[in-house]
Amino acid sequence: MTATAPRPTAARPTLRTLRDRALRLAELVTTPLLPADYLDLVHPLRPGADLRGRIEAVVPETRDAATVVIRPGADWRPHRPGQYVRIGIDVDGVRMWRAYSITSDLGRTDGCFTVTVKAIPDGKVSNHLVRRAEPGTIVQLDQATGEFCLPEQRPAKALFVTAGSGITPVMGILRNHPELDDVVLVHSAPTADDVVFGTELRDLAAAGRIRLVEQHTDTAGMLDAAAIAELVPDLAERATWACGPLGMLEALEEHWAAAGLADRLHTERFRPTVLVTGEGGTVTFTRNGTSLEADGATPILDAAEEAGVLMPSGCRMGICYGCVLPLREGAVRDLRTGEVTTAVPGDGVLVQTCISAAAGACDIDH
Ligand SMILES: Cc1cc2nc3c(=O)[nH]c(=O)nc-3n(C[C@H](O)[C@H](O)[C@H](O)COP(=O)(O)OP(=O)(O)OC[C@H]3O[C@@H](n4cnc5c(N)ncnc54)[C@H](O)[C@@H]3O)c2cc1C
Ligand code: FES
(Lines give C-alpha, C1' and ligand atoms only; values in the text may rest on other atoms or scores of the structure.)
(Ligands and ions follow the chains in the order given, each with its own letter.)
Protein backbone atom coordinates (compact mmCIF):
# COMPACT_ATOMS: atom_id res chain seq x y z
CA MET A 1 0.00 0.00 0.00
CA THR A 2 1.38 3.29 -0.86
CA ALA A 3 0.57 6.16 1.37
CA THR A 4 -0.77 9.12 -0.47
CA ALA A 5 1.22 12.22 0.28
CA PRO A 6 -1.00 15.01 1.48
CA ARG A 7 -1.64 17.49 -1.31
CA PRO A 8 -0.23 20.89 -0.48
CA THR A 9 -3.15 23.23 -0.07
CA ALA A 10 -2.79 26.71 -1.44
CA ALA A 11 -3.05 29.27 1.36
CA ARG A 12 -6.33 31.15 0.96
CA PRO A 13 -5.58 34.75 0.19
CA THR A 14 -6.62 37.04 2.96
CA LEU A 15 -8.34 40.37 2.35
CA ARG A 16 -5.02 42.11 3.05
CA THR A 17 -3.05 40.04 0.46
CA LEU A 18 -5.80 40.57 -2.09
CA ARG A 19 -5.66 44.30 -1.42
CA ASP A 20 -1.85 44.33 -1.67
CA ARG A 21 -2.01 42.43 -4.99
CA ALA A 22 -4.60 44.85 -6.32
CA LEU A 23 -2.42 47.78 -5.27
CA ARG A 24 0.66 46.22 -6.96
CA LEU A 25 -1.32 45.65 -10.14
CA ALA A 26 -2.65 49.19 -9.97
CA GLU A 27 0.92 50.48 -9.48
CA LEU A 28 1.92 48.85 -12.78
CA VAL A 29 -0.77 50.69 -14.69
CA THR A 30 -0.69 54.00 -12.86
CA THR A 31 3.06 54.77 -12.70
CA PRO A 32 4.42 57.49 -12.25
CA LEU A 33 1.55 58.29 -9.82
CA LEU A 34 1.18 55.46 -7.29
CA PRO A 35 -2.20 54.17 -6.10
CA ALA A 36 -1.44 55.61 -2.68
CA ASP A 37 -1.32 59.02 -4.38
CA TYR A 38 -4.84 58.47 -5.75
CA LEU A 39 -6.01 57.26 -2.34
CA ASP A 40 -4.52 60.44 -0.84
CA LEU A 41 -6.59 62.52 -3.24
CA VAL A 42 -9.80 60.72 -2.34
CA HIS A 43 -9.13 60.05 1.34
CA PRO A 44 -6.24 62.24 2.56
CA LEU A 45 -6.98 61.59 6.23
CA ARG A 46 -6.94 57.77 5.93
CA PRO A 47 -4.92 55.57 8.33
CA GLY A 48 -1.37 55.03 7.10
CA ALA A 49 -1.27 58.21 5.00
CA ASP A 50 1.16 61.03 5.78
CA LEU A 51 -0.33 62.92 8.71
CA ARG A 52 -2.62 65.64 7.43
CA GLY A 53 -5.60 67.61 8.61
CA ARG A 54 -8.55 69.31 6.98
CA ILE A 55 -9.53 72.83 7.99
CA GLU A 56 -13.21 72.59 8.95
CA ALA A 57 -13.76 76.20 10.00
CA VAL A 58 -11.99 79.47 10.72
CA VAL A 59 -13.72 81.31 13.56
CA PRO A 60 -12.80 84.97 14.17
CA GLU A 61 -11.75 85.75 17.76
CA THR A 62 -10.61 89.40 17.56
CA ARG A 63 -9.85 91.84 14.76
CA ASP A 64 -6.60 90.00 14.01
CA ALA A 65 -6.95 86.53 15.53
CA ALA A 66 -8.96 83.47 14.57
CA THR A 67 -9.42 79.92 15.75
CA VAL A 68 -8.80 77.30 13.10
CA VAL A 69 -10.72 74.06 13.55
CA ILE A 70 -8.78 71.12 12.12
CA ARG A 71 -9.92 67.54 11.58
CA PRO A 72 -6.72 65.50 11.89
CA GLY A 73 -5.91 62.31 9.99
CA ALA A 74 -6.73 58.93 11.49
CA ASP A 75 -3.22 58.48 12.91
CA TRP A 76 -3.34 61.66 15.02
CA ARG A 77 -2.56 61.01 18.69
CA PRO A 78 -4.22 63.07 21.43
CA HIS A 79 -2.08 65.96 22.65
CA ARG A 80 -1.23 67.04 26.20
CA PRO A 81 -2.77 70.44 27.03
CA GLY A 82 -0.16 73.17 26.49
CA GLN A 83 1.53 71.36 23.57
CA TYR A 84 1.83 72.71 20.04
CA VAL A 85 1.45 71.22 16.59
CA ARG A 86 3.49 71.95 13.47
CA ILE A 87 1.29 72.78 10.53
CA GLY A 88 2.45 72.82 6.91
CA ILE A 89 0.32 74.89 4.57
CA ASP A 90 0.77 76.15 1.03
CA VAL A 91 0.91 79.93 0.87
CA ASP A 92 1.18 81.35 -2.65
CA GLY A 93 2.35 77.96 -3.86
CA VAL A 94 5.09 77.57 -1.24
CA ARG A 95 4.74 74.98 1.55
CA MET A 96 5.45 76.68 4.88
CA TRP A 97 5.59 75.12 8.31
CA ARG A 98 4.75 76.93 11.51
CA ALA A 99 4.06 75.86 15.10
CA TYR A 100 0.74 76.64 16.84
CA SER A 101 -0.35 75.82 20.38
CA ILE A 102 -3.43 73.63 20.61
CA THR A 103 -6.28 75.46 22.27
CA SER A 104 -9.11 72.94 22.21
CA ASP A 105 -10.77 70.86 24.86
CA LEU A 106 -9.64 67.22 24.64
CA GLY A 107 -13.24 66.24 25.26
CA ARG A 108 -14.46 67.51 21.87
CA THR A 109 -16.75 64.90 20.40
CA ASP A 110 -16.26 65.85 16.74
CA GLY A 111 -12.65 64.53 16.62
CA CYS A 112 -11.26 67.98 15.72
CA PHE A 113 -8.68 70.10 17.51
CA THR A 114 -8.17 73.85 17.30
CA VAL A 115 -5.30 76.29 17.09
CA THR A 116 -5.73 80.02 17.54
CA VAL A 117 -3.63 82.26 15.35
CA LYS A 118 -2.87 85.95 15.66
CA ALA A 119 -1.99 87.65 12.37
CA ILE A 120 1.27 89.54 12.77
CA PRO A 121 2.34 92.40 10.48
CA ASP A 122 3.84 90.92 7.27
CA GLY A 123 3.39 87.41 8.67
CA LYS A 124 2.96 85.01 5.77
CA VAL A 125 1.31 82.05 7.44
CA SER A 126 -0.53 83.84 10.24
CA ASN A 127 -2.26 86.25 7.83
CA HIS A 128 -3.07 83.41 5.47
CA LEU A 129 -4.66 81.35 8.24
CA VAL A 130 -6.57 84.22 9.82
CA ARG A 131 -7.77 85.98 6.67
CA ARG A 132 -7.65 83.64 3.68
CA ALA A 133 -7.71 79.96 4.68
CA GLU A 134 -10.88 78.23 3.51
CA PRO A 135 -12.72 75.28 5.05
CA GLY A 136 -11.77 72.16 3.12
CA THR A 137 -8.07 73.11 2.86
CA ILE A 138 -5.78 70.16 3.53
CA VAL A 139 -2.75 70.92 5.71
CA GLN A 140 0.24 68.78 6.70
CA LEU A 141 0.58 68.00 10.39
CA ASP A 142 3.11 66.59 12.81
CA GLN A 143 2.10 64.93 16.05
CA ALA A 144 1.70 67.38 18.92
CA THR A 145 4.80 68.04 20.98
CA GLY A 146 6.16 70.40 23.64
CA GLU A 147 6.77 70.54 27.36
CA PHE A 148 4.73 73.62 28.33
CA CYS A 149 2.34 71.37 30.24
CA LEU A 150 1.25 70.83 33.83
CA PRO A 151 3.13 68.15 35.77
CA GLU A 152 1.32 64.96 36.83
CA GLN A 153 1.32 66.37 40.36
CA ARG A 154 -0.88 69.43 39.82
CA PRO A 155 0.32 72.59 41.58
CA ALA A 156 -1.79 73.68 44.54
CA LYS A 157 -1.47 77.26 43.30
CA ALA A 158 -0.77 78.31 39.72
CA LEU A 159 0.08 81.62 38.07
CA PHE A 160 -0.11 82.19 34.31
CA VAL A 161 1.45 85.32 32.82
CA THR A 162 0.58 85.87 29.18
CA ALA A 163 0.47 88.58 26.55
CA GLY A 164 -1.09 88.70 23.09
CA SER A 165 -1.15 85.32 21.38
CA GLY A 166 0.75 83.91 24.37
CA ILE A 167 -2.63 83.13 25.87
CA THR A 168 -3.09 80.18 23.49
CA PRO A 169 -1.24 77.36 25.30
CA VAL A 170 -2.64 78.61 28.59
CA MET A 171 -6.19 78.51 27.22
CA GLY A 172 -5.46 74.93 26.18
CA ILE A 173 -4.44 74.20 29.78
CA LEU A 174 -7.35 76.04 31.44
CA ARG A 175 -9.94 74.32 29.22
CA ASN A 176 -8.58 70.90 30.05
CA HIS A 177 -7.71 71.25 33.73
CA PRO A 178 -10.84 72.31 35.60
CA GLU A 179 -9.34 70.58 38.65
CA LEU A 180 -6.96 73.54 39.15
CA ASP A 181 -8.69 75.47 41.87
CA ASP A 182 -6.31 78.31 42.68
CA VAL A 183 -5.35 80.04 39.46
CA VAL A 184 -4.25 83.61 38.79
CA LEU A 185 -4.00 84.71 35.16
CA VAL A 186 -2.27 88.01 34.37
CA HIS A 187 -2.89 88.79 30.71
CA SER A 188 -1.83 91.81 28.64
CA ALA A 189 -3.33 93.00 25.36
CA PRO A 190 -3.56 96.45 23.75
CA THR A 191 -7.29 96.85 24.52
CA ALA A 192 -10.16 94.85 26.05
CA ASP A 193 -11.34 93.93 22.54
CA ASP A 194 -7.91 92.55 21.66
CA VAL A 195 -8.00 89.96 24.43
CA VAL A 196 -8.17 86.64 22.60
CA PHE A 197 -10.79 84.46 24.38
CA GLY A 198 -11.78 87.61 26.32
CA THR A 199 -15.40 86.54 26.90
CA GLU A 200 -14.48 83.02 27.99
CA LEU A 201 -11.75 84.25 30.35
CA ARG A 202 -14.06 86.80 31.93
CA ASP A 203 -16.72 84.08 32.33
CA LEU A 204 -14.15 81.84 34.07
CA ALA A 205 -13.31 84.72 36.39
CA ALA A 206 -16.97 85.45 37.08
CA ALA A 207 -17.52 81.77 37.91
CA GLY A 208 -14.65 81.92 40.41
CA ARG A 209 -12.44 79.45 38.50
CA ILE A 210 -9.62 81.95 37.99
CA ARG A 211 -8.57 85.33 39.24
CA LEU A 212 -8.11 87.37 36.06
CA VAL A 213 -5.91 90.46 35.88
CA GLU A 214 -6.29 92.15 32.49
CA GLN A 215 -3.74 94.77 31.54
CA HIS A 216 -4.78 96.93 28.56
CA THR A 217 -1.44 98.22 27.43
CA ASP A 218 -2.72 100.98 25.09
CA THR A 219 -4.01 102.87 28.11
CA ALA A 220 -2.22 101.35 31.10
CA GLY A 221 1.20 100.48 29.63
CA MET A 222 3.16 97.26 30.03
CA LEU A 223 3.33 95.42 33.32
CA ASP A 224 6.86 94.78 34.51
CA ALA A 225 7.86 91.84 36.67
CA ALA A 226 7.89 93.95 39.84
CA ALA A 227 4.30 95.09 39.16
CA ILE A 228 3.24 91.48 38.67
CA ALA A 229 4.87 90.58 41.97
CA GLU A 230 2.87 93.34 43.63
CA LEU A 231 -0.38 92.18 42.02
CA VAL A 232 0.26 88.59 43.11
CA PRO A 233 1.60 88.81 46.67
CA ASP A 234 1.84 85.00 47.12
CA LEU A 235 3.81 84.65 43.88
CA ALA A 236 6.58 82.61 45.58
CA GLU A 237 4.02 79.91 46.43
CA ARG A 238 2.81 79.60 42.84
CA ALA A 239 4.11 77.43 40.02
CA THR A 240 4.23 79.85 37.09
CA TRP A 241 3.82 79.41 33.34
CA ALA A 242 4.50 82.39 31.06
CA CYS A 243 4.11 82.90 27.33
CA GLY A 244 4.40 86.16 25.43
CA PRO A 245 6.91 88.51 23.80
CA LEU A 246 10.60 87.74 24.31
CA GLY A 247 11.22 90.93 26.34
CA MET A 248 8.48 89.99 28.80
CA LEU A 249 9.79 86.45 29.20
CA GLU A 250 13.36 87.59 29.73
CA ALA A 251 12.26 90.11 32.38
CA LEU A 252 10.27 87.43 34.19
CA GLU A 253 13.17 84.97 34.05
CA GLU A 254 15.50 87.57 35.55
CA HIS A 255 13.04 88.48 38.30
CA TRP A 256 12.23 84.87 39.20
CA ALA A 257 15.95 83.94 39.20
CA ALA A 258 16.81 86.89 41.44
CA ALA A 259 14.10 85.75 43.87
CA GLY A 260 15.52 82.20 43.87
CA LEU A 261 12.41 80.92 42.11
CA ALA A 262 13.88 80.02 38.71
CA ASP A 263 12.70 76.42 38.96
CA ARG A 264 9.09 77.58 39.58
CA LEU A 265 8.91 79.41 36.23
CA HIS A 266 8.14 77.66 32.93
CA THR A 267 8.28 79.72 29.75
CA GLU A 268 7.19 79.11 26.15
CA ARG A 269 8.82 81.15 23.37
CA PHE A 270 7.17 81.66 20.01
CA ARG A 271 10.43 82.83 18.40
CA PRO A 272 14.13 82.50 19.25
CA THR A 273 16.05 85.07 21.19
CA VAL A 274 18.65 86.51 18.80
CA LEU A 275 21.65 87.56 20.82
CA VAL A 276 24.51 87.79 18.37
CA THR A 277 24.75 88.94 14.80
CA GLY A 278 27.76 89.45 12.53
CA GLU A 279 28.86 89.67 8.93
CA GLY A 280 26.73 87.75 6.42
CA GLY A 281 27.78 86.22 3.13
CA THR A 282 26.76 84.37 0.00
CA VAL A 283 24.67 81.29 0.69
CA THR A 284 24.57 78.69 -2.08
CA PHE A 285 22.08 75.84 -2.12
CA THR A 286 24.12 73.37 -4.09
CA ARG A 287 21.41 71.00 -5.32
CA ASN A 288 18.80 73.68 -5.85
CA GLY A 289 21.31 75.88 -7.67
CA THR A 290 20.22 79.09 -5.92
CA SER A 291 22.70 81.60 -4.50
CA LEU A 292 21.68 84.56 -2.39
CA GLU A 293 23.26 87.31 -0.34
CA ALA A 294 22.26 87.01 3.32
CA ASP A 295 23.06 89.44 6.09
CA GLY A 296 24.48 88.18 9.35
CA ALA A 297 21.26 88.72 11.29
CA THR A 298 18.78 86.80 9.12
CA PRO A 299 18.33 83.08 9.62
CA ILE A 300 19.33 81.15 6.50
CA LEU A 301 15.84 79.62 6.54
CA ASP A 302 14.16 83.04 6.23
CA ALA A 303 16.63 84.27 3.61
CA ALA A 304 16.12 81.11 1.54
CA GLU A 305 12.31 81.22 1.70
CA GLU A 306 12.40 84.89 0.79
CA ALA A 307 14.34 83.88 -2.34
CA GLY A 308 11.74 81.22 -3.16
CA VAL A 309 13.75 78.17 -2.05
CA LEU A 310 11.51 75.43 -0.64
CA MET A 311 13.06 74.65 2.75
CA PRO A 312 12.34 72.06 5.43
CA SER A 313 11.26 73.77 8.65
CA GLY A 314 9.29 73.40 11.82
CA CYS A 315 9.21 75.51 14.98
CA ARG A 316 11.56 78.12 13.47
CA MET A 317 13.15 78.67 16.85
CA GLY A 318 15.72 75.97 17.32
CA ILE A 319 13.76 73.36 19.20
CA CYS A 320 12.44 70.77 16.74
CA TYR A 321 15.36 70.18 14.34
CA GLY A 322 12.90 70.16 11.44
CA CYS A 323 15.12 72.57 9.48
CA VAL A 324 18.44 70.75 9.74
CA LEU A 325 20.53 70.63 6.54
CA PRO A 326 24.16 69.65 5.82
CA LEU A 327 26.64 72.51 5.63
CA ARG A 328 28.97 71.37 2.86
CA GLU A 329 31.42 74.19 3.17
CA GLY A 330 31.76 77.60 4.80
CA ALA A 331 30.66 79.10 8.10
CA VAL A 332 27.39 79.86 9.87
CA ARG A 333 26.73 81.63 13.15
CA ASP A 334 24.22 80.44 15.77
CA LEU A 335 22.15 83.60 16.35
CA ARG A 336 21.38 82.59 19.94
CA THR A 337 24.94 82.04 21.11
CA GLY A 338 27.23 83.58 18.50
CA GLU A 339 28.98 80.22 18.09
CA VAL A 340 30.42 79.86 14.59
CA THR A 341 30.30 76.45 12.90
CA THR A 342 32.62 75.84 9.97
CA ALA A 343 32.76 72.96 7.52
CA VAL A 344 34.98 71.74 4.72
CA PRO A 345 33.73 69.25 2.11
CA GLY A 346 33.36 65.80 3.61
CA ASP A 347 32.66 67.05 7.16
CA GLY A 348 28.93 66.45 6.85
CA VAL A 349 28.18 69.03 9.53
CA LEU A 350 24.44 69.53 10.13
CA VAL A 351 23.12 73.00 10.90
CA GLN A 352 19.75 74.31 12.06
CA THR A 353 18.93 76.85 9.37
CA CYS A 354 16.24 78.58 11.47
CA ILE A 355 18.74 79.89 14.03
CA SER A 356 21.87 80.03 11.87
CA ALA A 357 22.94 83.00 9.78
CA ALA A 358 25.68 83.09 7.18
CA ALA A 359 29.08 83.96 8.67
CA GLY A 360 30.83 84.35 5.33
CA ALA A 361 30.25 82.29 2.21
CA CYS A 362 28.59 78.95 2.79
CA ASP A 363 27.27 76.05 0.74
CA ILE A 364 24.25 74.21 1.98
CA ASP A 365 23.54 70.75 0.60
CA HIS A 366 19.94 71.29 -0.45
C1 LIG B 1 6.04 76.49 20.15
C2 LIG B 1 5.34 77.60 19.38
C3 LIG B 1 3.98 77.79 19.55
C4 LIG B 1 3.33 78.82 18.87
N5 LIG B 1 1.99 79.02 19.06
C6 LIG B 1 1.37 80.04 18.43
C7 LIG B 1 -0.03 80.26 18.64
O8 LIG B 1 -0.70 79.49 19.35
N9 LIG B 1 -0.61 81.32 18.01
C10 LIG B 1 0.11 82.16 17.20
O11 LIG B 1 -0.48 83.10 16.64
N12 LIG B 1 1.43 81.97 16.98
C13 LIG B 1 2.07 80.92 17.56
N14 LIG B 1 3.40 80.70 17.32
C15 LIG B 1 4.11 81.57 16.36
C16 LIG B 1 3.93 80.99 14.94
O17 LIG B 1 4.60 79.75 14.82
C18 LIG B 1 4.49 81.90 13.85
O19 LIG B 1 5.80 82.27 14.22
C20 LIG B 1 3.67 83.16 13.67
O21 LIG B 1 2.35 82.82 13.28
C22 LIG B 1 4.31 84.06 12.60
O23 LIG B 1 4.40 83.33 11.40
P24 LIG B 1 4.23 84.10 10.03
O25 LIG B 1 4.49 83.14 8.91
O26 LIG B 1 2.92 84.81 10.00
O27 LIG B 1 5.36 85.19 10.11
P28 LIG B 1 6.72 85.25 9.19
O29 LIG B 1 6.32 85.49 7.78
O30 LIG B 1 7.54 84.04 9.51
O31 LIG B 1 7.44 86.52 9.80
C32 LIG B 1 7.04 87.85 9.49
C33 LIG B 1 7.78 88.82 10.36
O34 LIG B 1 7.36 88.70 11.73
C35 LIG B 1 8.44 88.32 12.58
N36 LIG B 1 7.90 87.27 13.47
C37 LIG B 1 7.92 85.92 13.25
N38 LIG B 1 7.30 85.28 14.27
C39 LIG B 1 6.86 86.23 15.12
C40 LIG B 1 6.14 86.19 16.34
N41 LIG B 1 5.73 85.04 16.90
N42 LIG B 1 5.88 87.37 16.93
C43 LIG B 1 6.25 88.55 16.39
N44 LIG B 1 6.95 88.64 15.24
C45 LIG B 1 7.25 87.51 14.61
C46 LIG B 1 9.52 87.78 11.66
O47 LIG B 1 10.81 88.00 12.21
C48 LIG B 1 9.30 88.58 10.40
O49 LIG B 1 9.90 89.83 10.50
C50 LIG B 1 4.07 79.67 17.98
C51 LIG B 1 5.44 79.45 17.80
C52 LIG B 1 6.07 78.43 18.48
C53 LIG B 1 7.54 78.21 18.28
S1 FES C 1 12.69 74.73 12.52
FE2 FES C 1 12.67 73.79 14.48
S3 FES C 1 14.81 73.71 14.94
FE4 FES C 1 14.73 74.83 13.11
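To be clear, the structure that these remarks concern was listed above.
The model shown is predicted, which means the values in this text are computed figures rather than measured ones. Numbering of residues starts from 1 in every chain and runs along the sequence as written. Both sets of labels track the order of writing: A upward for chains, 1 upward for ligands. Under the rules for a predicted model, residues below a pLDDT of 70 receive no local features and side-chain atom pairs below 80 are neither given nor counted, while totals for whole chains, interfaces and linings still include all residues. No hydrogens and no water enter the side-chain calculation; it runs on all heavy atoms of the structure.

By the criteria applied, helices consist of DSSP H or I runs no shorter than four residues and strands consist of E runs no shorter than two, each listed in order from the N terminus. When helices and strands are counted, the protein chain shows nine helices and 17 strands. A total of 366 residues make up the protein chain; the buried ones form 46% of that total. Note on contacts: a residue pair qualifies if any of its non-hydrogen atoms lie within 4.5 Å across the two residues. For the protein chain, contacts bridging at least 24 residues in sequence account for 66% of all contacts bridging at least 6. Computed with the Shrake-Rupley method and a 1.4 Å probe, the accessible areas treat only the protein chains shown as cover for residues. Accessible surface computed for the protein chain: about 18700 Å², of which carbon and sulfur atoms make up 53%. Burial classification: accessible surface area is computed with a 1.4 Å probe over protein chains only, and a residue below 20% of its type maximum counts as buried, one above 50% as exposed, and the rest as partly exposed.

Two strands are counted as paired when DSSP detects at least two bridges linking them. In this sheet, strand β15 (residues 340-343) lies alongside strand β14 (residues 324-334) in antiparallel orientation, the contact comprising four bridges. Bridge pairing in β15 places Arg333 opposite Val340. Where β14 folds back onto β15 in an antiparallel hairpin, the turn is made up of five residues, including Gly338, whose phi is positive at roughly 85°.

The next subject is the sheet that holds strand β6 (residues 138-141). Pairing between the strands of a sheet is mediated by backbone hydrogen bonds and can be parallel or antiparallel. Strand order in this open sheet of six strands is β4-β3-β6-β1-β2-β5, and the pairing throughout is antiparallel. Each of the sheet's edge strands pairs with one partner strand only, and the pair in question is β4 (94-101) and β5 (113-118). Along the sheet, successive strands turn relative to each other by an average axial angle of 40°, direction set aside. As defined by bridge partners, strand β3 (residues 84-91) adjoins β6 across two bridges and the pair is classed as antiparallel. Inter-axis angles, ranging from 0 to 180 degrees, are taken between N-to-C directions of lines fitted to C-alpha atoms, where helices are fitted over the stretch in contact.

Another point: unusual backbone geometry. Not every positive phi belongs to a glycine, and Asp92 is a case in point at roughly 50°. Among the secondary structure elements, Asp92 is positioned in the loop between β3 and β4. For Asp92, a relative accessible area of 73% puts it in the exposed group. For Asp122, which is not glycine, the phi dihedral falls at a positive 65°. With respect to the secondary-structure elements, Asp122 resides in the loop between β5 and α3 (124-132).

Moving on, we come to the nonpolar core. Buried Ala, Val, Leu, Ile, Met, Phe, Trp, Tyr and Cys residues form a nonpolar core when they are joined through side-chain atoms within 4.5 Å. Val115, Leu129 and Leu141 are the most contacted members of the largest nonpolar core, which totals 24 residues. Counting residues per element, the ones that place at least two in this core are β2 (65-72), β3, β4, β5, α3 and β6. Broken down by element, the residue count for this core peaks at four residues, all from β3. Non-local contacts of Leu129, meaning those with residues more than four positions away in its chain, are made with Ile55, Val58, Val68, Ile89, Tyr100 and Val117. The next biggest cluster of nonpolar side chains, apart from the first, holds 23 residues, and it includes Ala158, Phe160, Val195 and Leu204.

So, on to the sheet that holds strand β11 (residues 265-268). Taken in spatial order, the five strands of this open sheet run β9-β8-β7-β10-β11, and their pairing is parallel. Both outer strands of the open sheet, β9 (211-216) and β11, are each paired with one neighbouring strand and no more. The sheet shows a mean angle of 15° between the axes of neighbouring strands, direction not considered. Strand direction decides the pairing type here: strand β8 (residues 183-189) and β9, joined by six bridges, are parallel. Bridged to Val184 within β9 is Arg211.

Scope: geometric values only; no functional claims are made or implied.
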